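Chain residues, written in single-letter form:
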Amino acid sequence: MPQPSLRIDIDRLMARIDALAGVGSIEGGGVCRLALTEEDKTGRDLVVSLMRHLGLDVSIDRIGNVVGVRPGMEDGAPVMTGSHLDTVRTGGRYDGALGVLAGLEVVATLNDAGIDTRRSLAVAFFTNEEGARFAPDMMGSMVHQGHLPLEQALETTGLDQTTVREDLAKIGYLGHAPCGSVRAHSFVELHVEQGPVLERDDITIGAVEGVQGISWTEISIIGESNHAGTTPMSARKDAGYAAVCIARFARRLAEQMEGNQVATVGRLQLSPDVINVIPGRASLTIDLRNTDAGLLRRAEQRLHSYVRRIGKREDVYVAHRSLARYDPVVFAPSVIAMVERQATALGLSVRRLPSGAGHDAQAFAPNCPTGMIFVPSVGGVSHNVKEHTAPRDIEAGANVLLNVLLELAG
Ligand code: GLV
Ligand code: MN
Ligand code: MN
């Protein structure tokens with residue numbers, strides 16, 4: 001039954017976003033809530049208590065995903081929404097948090113209006129979406145949807161040399177529910193765009209067509225540490241120089257391939273990191289993304305062959321290992337069309353666009369009808385403390401989410 005006048009309460013939603021942003025807040029208005037840290041625990045506890053307050057049936061699975069179910073009138077798999085609570089080290093207050101809290105705002109709105117849905121509704125948050133402390137990203141949702149073995153995820157060692165299992169246990173989120181025990185009938189995630197397209201085109205709602213492919217590689221280089229003044233240029237085994245050559249190659253690769261290819265060196269570490277010492281060791285990460293699976297593979301091949309060449313040329317040992325690898329994902333045409341239709345029915349401008357960022361929704365796409373709703377990011381800025389979305393756009397996105405979930409849940 002359509003509920004044309006039903007609307008979410010934007011003041012309540014903004015208050016909850018503000019409260020969560022207070023957990024791990026950092027200078028400049030941003031948030032540092034790295035996966036499985038004390039801050040993550042406090043954020044999780046806050047949201048779990050909100051789930052319980054809203055009457056949801058809360059379960060925690062063995063990779064620490066949390067799902068809150070609002071029973072429907074019929075048995076069967078719930079229509080699911082949600083996102084993640086972890087952030088990058090220099091994160092904003094909306095990336096992930098919006099999708100979880102907007103899902104709970106939909107539940108609150110239905111509770112207030114006394115509306116029962118035919119299918120159950122579920123709001124979830126997934127462990128370690130960002131991959132900033134443990135790779136791969138989208139870890140919890142990938143395990144949940146059967147794309148990543150649970151044991152492999154639990155045994156993953158992170159930047160602080162602890163494992164996912166240890167840190168989940170430490171924060172009290174090593175749950176007992178089998179992963180994926182709450183199956184989804186369908187999945188829809190609301191997220192900030194994190195890019196410039198919607199703002200540039202003055203559009204309020206993005207109907208997300210899919211997610212581009214993602215390839216993360218860590219490259220470790222071993223050369224020889226020596227004196228910066230006495231070692232002739234021809235005798236050097238400079239791991240730092242080799243790392244910088246690889247970084248420059250990645251940039252030029254993306255420029256030469258044009259189209260949608262992007263390349264980023266997000267981490268670069270030199271050792272011993274001293275002004276007058278040739279670096280004996282270096283490590284860097286390369287993030288390659290493309291909406292085209294074949295082009296992404298070609299970019300990876302070209303990078304790998306350059307890495308081999310630079311090792312020989314600079315007389316350094318180079319090793320690389322994949323940290324994350326996802327092919328491009330296409331969302332369900334029926335859900336994309338539903339987002340467009342519901343946005344239009346609410347009088348909102350809408351356009352289709354691909355996602356440049358990875359999202360939990362992509363784990364669901366092969367298994368059930370899946371889609372995403374984007375709202376504009378001011379200045380296209382994200383993974384930055386300045387990440388911002390206007391409250392009226394958040395309200396619009398949450399109302400589209402409400403109506404899409406209602407249509408799916410019947
Ligand atoms: C996750 O936010 C990613 O796209 O790296
Ligand atoms: Mn996100
Ligand atoms: Mn993110």
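How each quantity is defined
- Residues numbered from 1 in each chain as written.
- Chains lettered and ligands numbered in written order.
- Predicted model: local features only at pLDDT ≥ 70, side-chain atom pairs only at ≥ 80, totals over all residues.
- Heavy atoms only, no water.
- Donors = N, O, S within 2.8 Å, 3.2 Å for Na, K, Ca; no water.
- Helix = DSSP H or I, 4+ residues; strand = E, 2+ residues; numbered from the N terminus.
- Buried < 20%, exposed > 50% of the residue type's maximum accessible area, 1.4 Å probe, protein only.
- Core = buried A, V, L, I, M, F, W, Y, C linked by side-chain atoms within 4.5 Å.
- Contact = heavy atoms within 4.5 Å.
- 1 Å grid on protein atoms, 1.4 Å probe; cavity = no way out; pocket = protein on both sides within 12 Å on 5 of 7 lines; lining within 4 Å.
- Points joined across faces, edges and corners; volume = space filled by probe spheres on them.
- Nonpolar A, V, L, I, M, F, W, Y, C, P; charged D, E, K, R; others polar.
- Disulfide = S-S within 2.5 Å.
- Axes fitted to C-alpha atoms, helices over the stretch in contact; angles between N-to-C directions.
- Parallel < 35°, antiparallel > 145°, perpendicular 65-115°, else oblique.
- Left-handed = near helix turned anticlockwise from the far one by under 90°.
- Phe/Tyr/Trp six-rings, centres within 6.5 Å; stacked < 30°, edge-to-face > 60°.

Asker: Would you mind going over the coordination of the manganese ion (ligand 3) with me for this structure?
Answerer: For a metal with four donors in a tetrahedral arrangement, the ideal angle between donors is 109.5 degrees, while six donors in an octahedron ideally sit at 90 or 180 degrees. Listed as protein donors to the manganese ion (ligand 3) are Asp95 (OD), Glu130 (OE), Glu130 (OE) and His383 (NE2); their distances from the metal cover 2.1 to 2.5 Å. Mapping the donors of the manganese ion (ligand 3) onto the primary sequence gives the spacing D-x34-E-x252-H. Distance-wise, the manganese ion (ligand 2) is placed 3.6 Å from the manganese ion (ligand 3), both being coordinated by aspartate 95. Remark: histidine 383 occurs in the loop between strand E17 (370-375) and helix H12 (391-409) and glutamate 130 occurs in the loop between strand E6 (121-126) and helix H4 (139-144); sequence separation between them is 253 residues. Accessibility expressed as a relative area gives 8% for glutamate 130, which makes it buried. A relative accessible area of 38% places histidine 383 in the partly exposed class.

Asker: What should I look at first to understand the nonpolar core in this one?
Answerer: Side chains of a nonpolar character, in soluble globular proteins, are inclined to be buried together. Counting residues in hydrophobic clusters, the biggest one holds 101 residues, and the most contacted among them are Leu13, Val47, Met51, Met80, Leu98, Leu104 and Ile205. For this core, the element with the highest residue contribution is H12, accounting for 11 residues. Beyond its immediate sequence surroundings of up to four residues, valine 47 is in contact with Leu20, Leu85, Val100, Leu101, Leu104 and Phe125. By size, the runner-up hydrophobic cluster in this structure holds 22 residues, among which are Ala243, Leu253, Ala282 and Leu288.

Asker: In this structure, what is going on with empty space enclosed by the protein? I would like to understand it.
Answerer: Rolled over the atoms, a probe as big as a water molecule pinpoints where empty space is left. In the structure shown here, the tally under the stated rule is 1 cavity of 30 Å³ or more. Quantified by volume, the largest cavity comes out at close to 40 Å³. What lines the largest cavity is simply Ser59, Asp61, Asn65, Val67, His144, Ala177, Pro178, Gly180, Ser181 and Val182. Tallied by class, residues from the lining of the largest cavity come to 4 nonpolar, 5 polar and 1 charged.

Asker: Got a minute to help me understand the state of the cysteines in this structure?
Answerer: Defined simply, a disulfide is a covalent bond joining two cysteines at their sulfur atoms. Going through the model one piece at a time under the given rule, you end up with 0 disulfides. Cysteine cysteine 179 is unpaired, with the sulfur of cysteine 368 as its nearest cysteine sulfur at 16 Å. On the accessibility criterion, cysteine 179 (22% relative accessible area) is partly exposed.

Asker: I tried to follow the packing of helix H3 (residues 97-113) against H12 on my own but got confused; where do I start?
Answerer: In the contact formed by H3 and H12, the axes pass within 9 Å of each other and the chain directions differ by 60 degrees. What the angle tells us is that H3 and H12 run oblique. With respect to the hand of their crossing, H3 and H12 are arranged in right-handed fashion. Along its contact with H3, which presents Leu98, Ala102, Gly103, Val106, Thr109 and Leu110, the element H12 presents Ile394, Ala398, Leu401, Leu402, Leu405 and Leu406. Looking at the contact of H3 with H12 residue by residue, the classes come out as 10 nonpolar, 2 polar and no charged.

Asker: Would you take a moment to explain the packing of aromatic side chains for this structure?
Answerer: Both the distance between ring centres and the angle between the ring planes are used here to describe each pair of aromatic rings. Inspection of every chain in the model, using the stated rule, returns 4 aromatic pairs. When the centroid spacing of 6.1 Å and the interplanar angle of 55 degrees are considered together, the rings of phenylalanine 126 and phenylalanine 187 count as tilted. On the criterion of sequence distance, the pair formed by phenylalanine 126 in strand E6 and phenylalanine 187 in strand E7 (residues 186-192) is long-range, its members being 61 residues apart. On the basis of relative accessible area, phenylalanine 187 is assigned to the buried category, the value being 0%.

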